[in-house]
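The residues making up each chain are set out below.
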Amino acid sequence: MDAADMTQRRLRMGLVSYAHVHAPALLRTLATLPQIELTGLYDEDPDRGDAAARTHGTAFHRELATLLDRSEAIVIASTNVDHRRYTDAAAVAGVHVLSEKPLATTLEDARSMVETCRAAGVQLGTAFPVRSSAAALSLKGLIDRGALGTVLAIRGTNPGRFPGSWFGDRAKAGGGAVMDHTVHVADLLRWLLTDEVVRVHAEIGSLLWDLDVEDCGILTLDLAKGAFASIDCSWSRPKTYPTWGGLTLHVVGERGTVDVDVFRQALVHYDDRAGETRLAGWGEDLNARLVGDFADAVLAGRPVPISGDDGLRALEVVIAAYRSAEQLGPVAIADLD
Amino acid sequence: MTTRIGVIGAGFAGGTHARACLGIDGVTVAAIATDPVEHGRQLADECGARLEASAASLCAAGDLDVVIVASPTYLHAEHAIAAAQGGKHVFCEKPIARTIEEGRAIIQACDHAGVQLAVGQVVRFFPEYRKAKDLIDSGALGKPALVTMTRGTLPVGNARPWYLDATRSGRVVLDLMLHDLDTLRWWFGEPTRVYGHMLGGTGGIDYALATIRYSDGPIVHIESSWAEHSGFRTTFEVRGDTGLITHDSRAAAPLQTQLTNAADGPAVIPGPTLLETPYRRQLREFFRRIEAGEQPFVSGGEALRSLGLALAVLRSTETGQVVAWTPPT
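Residues numbered from 1 in each chain as written. Chains lettered and ligands numbered in written order. Predicted model: local features only at pLDDT ≥ 70, side-chain atom pairs only at ≥ 80, totals over all residues.

1. Here's the deal with the overall build of chain B
Part 1 of the argument: When its secondary structure is counted, chain B shows ten helices and 15 strands.
Part 2 of the argument: For a compact globule of 329 residues, the expected C-alpha radius of gyration is about 20 Å, and chain B comes in at 20 Å, within 12% of that figure.
Part 3 of the argument: Once the C-alpha set of chain B is aligned to its principal axes, its extents read approximately 55 × 55 × 40 Å.
Part 4 of the argument: The buried share of chain B, taken over its 329 residues, is 50%.
Part 5 of the argument: Contacts spanning at least 24 positions in sequence make up 66% of the contacts within chain B whose residues lie at least 6 apart. (Helix = DSSP H or I, 4+ residues; strand = E, 2+ residues; numbered from the N terminus. Rg over C-alpha atoms; globule rule 2.2 N^0.38 Å. Buried ≥ 20, exposed ≤ 12 C-beta atoms within 10 Å, placed from the backbone. Contact = placed C-beta atoms within 7 Å.)

2. Focus: the packing of helix 5 (residues 100-113) of chain B against helix 10 (residues 300-319) of chain B
All names here are of chain B.
Part 1 of the argument: Where helix 5 contacts helix 10, the two axes come as close as 10 Å, and the packing angle between them is 175°. Between helix 5 and helix 10, the angle is such that the two are roughly antiparallel. Residue-level inspection shows Ile100, Gly103, Arg104, Ile106, Ile107 and Cys110 of helix 5 in contact with helix 10, the latter providing Gly300, Gly301, Leu304, Leu307, Gly308 and Leu311.
Part 2 of the argument: Split by residue class, the contact of helix 5 with helix 10 holds seven nonpolar, four polar and one charged. (Axes fitted to C-alpha atoms, helices over the stretch in contact; angles between N-to-C directions. Parallel < 35°, antiparallel > 145°, perpendicular 65-115°, else oblique. Nonpolar A, V, L, I, M, F, W, Y, C, P; charged D, E, K, R; others polar.)

3. Considerations on the interface of chain B and chain A
Part 1 of the argument: At the interface, 25 residues of chain B touch 25 residues of chain A.
Part 2 of the argument: Taken together, the elements giving at least two residues each to the side of chain B that touches chain A come down to strand 7 (144-152), strand 8 (193-198), strand 9 (207-213), strand 10 (219-225) and strand 12 (243-248) of chain B.
Part 3 of the argument: Class assignment of the residues belonging to the side of chain B that touches chain A gives a composition of ten nonpolar, ten polar and five charged.

4. Brief notes about the confidence of the model for chain B
Part 1 of the argument: Mean pLDDT for chain B: 93, with 96% of residues reaching 70 or above.
Part 2 of the argument: As a predicted assembly, this complex carries a pTM of 0.94 together with an ipTM value of 0.92. (pLDDT = per-residue confidence, 0-100.)

5. Some words on the pairing of strand 5 (residues 96-99) of chain A
All names here are of chain A.
Part 1 of the argument: Burial along strand 5 is two-sided: His96 and Leu98 facing one way and Val97 and Ser99 facing the other are all buried.
Part 2 of the argument: Looking at chain direction, strand 4 (residues 73-76) and strand 5 are connected through four bridges and run parallel. Bridging from a neighbouring strand, Ile74 pairs with Val97 of strand 5.
Part 3 of the argument: Considered for its hand, the β-α-β crossover made up of strand 4, helix 5 (residues 83-92) and strand 5 is right-handed.
Part 4 of the argument: Pairing geometry for strand 5 and strand 6 (residues 124-126), over three bridges, is parallel. Looking at strand 6, one finds that Val97 is bridged to Leu124.
Part 5 of the argument: Chirality of the crossover, the property in question, places the unit of strand 5, helix 6 (residues 107-120) and strand 6 among those that are right-handed. (Pairing = 2+ DSSP bridges. Right-handed = clockwise from strand over helix to strand, strands pointing away.)

6. Things to note about the sheet that holds strand 7 (residues 151-157) of chain A
All names here are of chain A.
Part 1 of the argument: An order of 12-11-7-10-9-8-15 is seen for the seven strands of this open sheet, with the pairing classed as mixed. Here the strands that pair on one side only, and so sit at the sheet edges, are strand 12 (256-261) and strand 15 (331-332).
Part 2 of the argument: Of the strand pairs in this sheet, strand 8 (residues 197-205) and strand 9 (residues 216-223) are connected by eight bridges, and their pairing is antiparallel. Across the sheet, residue His201 finds its bridge partner in strand 9, namely Thr220.
Part 3 of the argument: Lying on the sheet, helix 7 (residues 134-144) is in contact with strand 7, strand 11 (248-253) and strand 12; it crosses strand 12 at an angle near 165°.
Part 4 of the argument: Here helix 10 (residues 183-193) sits on the sheet and contacts strand 7, strand 8, strand 9, strand 10 (228-232) and strand 11; the angle it forms with strand 7, its principal contact strand, is near 160°.

7. Focus: the pairing of strand 10 of chain A
Residue and element names in this part refer to chain A.
Part 1 of the argument: Counting buried positions along strand 10 gives five out of five residues, so the element sits mostly inside the fold.
Part 2 of the argument: Judged by which residues are buried, strand 10 turns out to be covered on both faces: Phe228, Ser230 and Asp232 on one side and Ala229 and Ile231 on the other are all buried.
Part 3 of the argument: Where strand 9 meets strand 10, five bridges bridge the pair, whose relative direction is antiparallel. By the bridge assignment, Leu221 is partnered in strand 10 with Ala229.
Part 4 of the argument: Counted between consecutive antiparallel strands, the loop separating strand 9 from strand 10 contains four residues, among which Gly226 sits at a positive phi close to 115°.

Take a look at the structure:
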């Protein structure tokens with residue numbers, strides 16, 4: 001940020017809901033970014049919300065309307081199914097929205113959110129922070145300047161542990177690993193290749209954590225310009241794995257290949273006191289870039305870099321994957337209702 | 001008593017198998033046949049073998065006990081059948097043949113001639129894959145849920161165009177992915193259905209992804225690449241409901257030598273990583289079983305079923321649809 005920017009006014013932003021595992025990091029980000037004035041936290045659970053607000057030195061609002069009144073924009077870190085109702089409330093109040101991923105759990109909800117925000121004249125963004133990583137940006141640059149030639153295929157993975165909490169509850173999450181871990185890579189594919197997914201095949205199963213939702217999934221995608229790709233979205237990392245999971249891409253171009261491992265920047269910490277080995281990541285804060293870019297765009301009156309429509313397109317891949325797994329065959333995005 | 005070997009082909013497979021034989025006591029590489037004949041000169045000199053005028057004359061030679069068929073895939077049937085008819089035991093490089101019909105013909109010819117047939121599904125002799133099988137079989141991983149396997153190496157298409165000709169090689173699916181498909185069958189038995197994608201086959205590279213489903217077992221994802229510009233690499237992960245094993249051949253290199261005085265500048269020389277290569281173990285086991293009158297470790301029928309699974313993936317890449325898997329008989 002240069003000196004001229006420092007004189008600009010800050011965007012008044014608040015956090016709606018503390019339900020998501022990313023909520024603490026998002027609140028910390030909102031509290032520290034120079035272009036943001038944190039307006040506080042609303043949470044469905046007053047005890048949880050109050051404690052979190054104290055920890056981060058900000059106000060807790062018992063009523064959503066109070067927070068919306070004081071905010072120009074919000075970040076939504078609720079359960080997946082609540083994204084729509086919080087977005088609707090924000091739109092009515094004329095407040096811009098940055099929603100956690102997935103944008104919604106049904107296409108109907110996601111389309112409605114996009115349309116509601118458009119009609120209300122507020123911006124809707126989707127939290128795909130991996131686009132902001134140095135590795136992903138470098139890869140985007142390589143592809144855009146043609147260094148790889150045409151990109152022919154990409155194998156993507158976003159495996160993790162079972163996140164616990166409500167993530168295994170279909171009523172709150174809308175699904176399991178496919179709902180949780182498909183969209184980051186799906187969004188990267190669309191963004192990197194400037195292309196759209198047209199067809200999805202998936203094999204899914206509830207094979208690991210004794211859940212009512214799927215915890216394993218392998219998706220294979222066709223893109224409009226001819227590339228194909230796969231996404232491993234499984235909650236396949238064991239409890240003893242040294243970190244939560246990761247995100248990788250193996251990119252095959254006409255003139256070369258690229259391997260991306262977004263969370264590779266980590267120390268290995270052998271901890272006798274805790275009786276475990278874990279990774280201590282030292283990579284850059286992707287949330288800061290994500291939220292900062294969103295706020296900068298809103299302040300400047302520009303379209304936010306990762307839109308609600310991007311969230312909707314990634315969700316289409318998820319919904320097509322579930323249908324493919326039911327039908328035991330590939331499903332065209334164009335055939336979705 | 002000495003076992004006398006004839007080798008058809010002096011490419012990667014022929015050279016690998018012939019050199020593997022050199023380290024086995026009681027085994028002599030006596031003859032090499034290649035087309036054209038002179039292609040085999042260097043390997044023949046290295047092995048102290050004679051150059052045969054043709055594969056047919058090698059198969060008819062009176063002084064050979066075993067023929068190693070290491071010709072391009074589309075010639076396996078012709079050469080293996082000729083070797084069997086010549087009364088030789090047959091060691092056939094994988095895939096057993098380009099088509100199921102050809103594979104069956106090889107098996108029938110060997111049965112008819114009363115000779116042994118083994119197929120070089122060499123991954124079954126790689127210690128990391130055997131260790132994984134031991135752990136899977138022991139139950140240490142629990143019930144297998146998710147398996148990912150990758151296998152990549154340098155583009156082969158420019159130097160040896162037949163590899164990218166689907167009708168002659170079956171491309172990266174029949175040549176490279178076959179290893180992992182065979183490994184899956186060895187680890188878990190027969191899957192239920194397959195789905196695959198493969199590149200268009202231009203530009204010297206090739207690449208395929210496949211998803212394999214077991215009805216009461218794991219989801220499997222396989223990546224096979226002839227676009228691994230940094231050289232050969234394999235990885236796998238097997239996740240059961242009580243554990244995960246991971247393998248990366250790059251990370252498992254116990255020796256890495258870097259020389260500053262190589263003629264072309266700094267050189268990085270990997271390995272060797274094993275005192276006995278999997279290729280030599282494979283052939284030693286085959287020769288031992290011939291001697292003992294035992295069935296080969298990987299029979300023609302077993303290799304035929306792995307070929308069938310690879311052909312199912314290939315069909316899926318062509319049709320864009322899921323292909324149900326029923327093993328050929």
